[in-house]
Amino acid sequence: MSVTIQTEGSVARITLDNPEKRNAFDDRIIASLTEAFEQAGSDDGVRVVVLQAAGKHFSAGADLNWMRAMGKLDAQQNRDDALKLARLMQAIDQCPKPVIARVQGAAFGGALGLICAADMAVAADTARFCLSEVKLGIVPAVISPYVVRAMGARQASRYFMTAEVIPAERALALGIAHEVVAESELDSSVNALVDALLTAGPQAQIEARNLIARVSHGAIDQTMLNDTADLIARLRTSQEGQEGLSAFLEKRTPNWI
């Protein structure tokens, strides 16, 4: 199996497990990853999803032999294939559970899409990132909405066009990673995020993600004021909101923990 999913309690760990090829992905792995995220997202027992990789490297991006084969197909076949990758990115981005990317070693090409589509990323200080597509005469098209959202358009202009290797500390400054830690501390740092996520209301977390998407580029006008007021009013009166407030005032653990 090149992709595995293991559920421990309320945490699903989806693992790229093809270290011999530096976890490069092809159409089969894209399909398996999409299925894994859909499975984790629909599992009522899962609260958090961790995307990780076996071996020394997170992922070298797309498998070059697969890309060579795709290059021999016609435009429509290539479009259909690209849409499968786009749907994987969307499945990560819109997973109904928070997603953490755990990154070590190389994360090149399409791997940055997987990382930036996740809600948060923790990287080892030895990790290296690269948007390498232009060196192959192509562009990071399908992953671009997530990468540009993470690093911003101005920074993307540089790294999309130069294909420079980005060290971990620079990736942190760019917004690709939220934390950079020693590789020996990677698991404990990821687990600390998992523990923090498990203390919060699960519906509120997804509402928070959706809220960010709506307000990040919207005008602060009456429509925005109405929308945010409607949201907090709805959540205050929701079952989860009532439980959270009651638990806080009564100094007890809320029922989602």
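Up top is the structure these notes are about.
All values derive from a computational prediction rather than experimental measurement. (Residues numbered from 1 in each chain as written. Predicted model: local features only at pLDDT ≥ 70, side-chain atom pairs only at ≥ 80, totals over all residues. Heavy atoms only, no water.)

### Some points on the pairing of strand E6 (residues 120-124)
Step number 1: Summarising burial for E6: five of the five residues are buried, a large majority.
Step number 2: As judged from the four bridges shared by strand E4 (residues 99-103) and E6, these two strands associate in the parallel manner. Residue pairing across strands places Arg102 opposite Val122, the latter belonging to E6.
Step number 3: With three bridges joining them, E6 and strand E9 (residues 179-181) adopt parallel strand pairing. In the strand pairing of E9, Ala123 is matched with Val180. (Buried < 20%, exposed > 50% of the residue type's maximum accessible area, 1.4 Å probe, protein only. Helix = DSSP H or I, 4+ residues; strand = E, 2+ residues; numbered from the N terminus. Pairing = 2+ DSSP bridges.)

### Topic: a negative patch on the surface
Step number 1: On the surface, Asp125, Glu169, Glu183 and Glu185 cluster together to form a negatively charged patch.
Step number 2: By secondary structure assignment, the location of Glu169 is in helix H7 (residues 168-174). (Patch = residues over 30% accessible without salt bridge, like charges linked within 9 Å, V, L, I, M, F, W, Y side chains within 5 Å. Areas by Shrake-Rupley, 256 points an atom, 1.4 Å probe, with all protein chains shown as cover. Salt bridge = Lys/Arg side-chain N within 4 Å of Asp/Glu carboxyl O. Lys, Arg positive; Asp, Glu negative; His and termini not counted. Charge placed at Lys NZ, Arg CZ, Asp CG, Glu CD.)

### Comments concerning the sheet that holds strand E8 (residues 165-167)
Step number 1: The sheet built from three strands is open, its strands ordered E5-E7-E8 with mixed pairing. Whereas interior strands pair on both sides, the edge strands pair on one side only; in this sheet they are strand E5 (106-108) and E8. Across the sheet, the axes of successive neighbouring strands diverge by a mean angle of 20°, strand direction being ignored.
Step number 2: Of the strand pairs in this sheet, strand E7 (residues 128-130) and E8 are connected by three bridges, and their pairing is antiparallel. Note that in E8 the partner of Phe129 across the bridge is Ile166. (Axes fitted to C-alpha atoms, helices over the stretch in contact; angles between N-to-C directions.)

Spatial relationships are all this shows, so hold off on functional conclusions.
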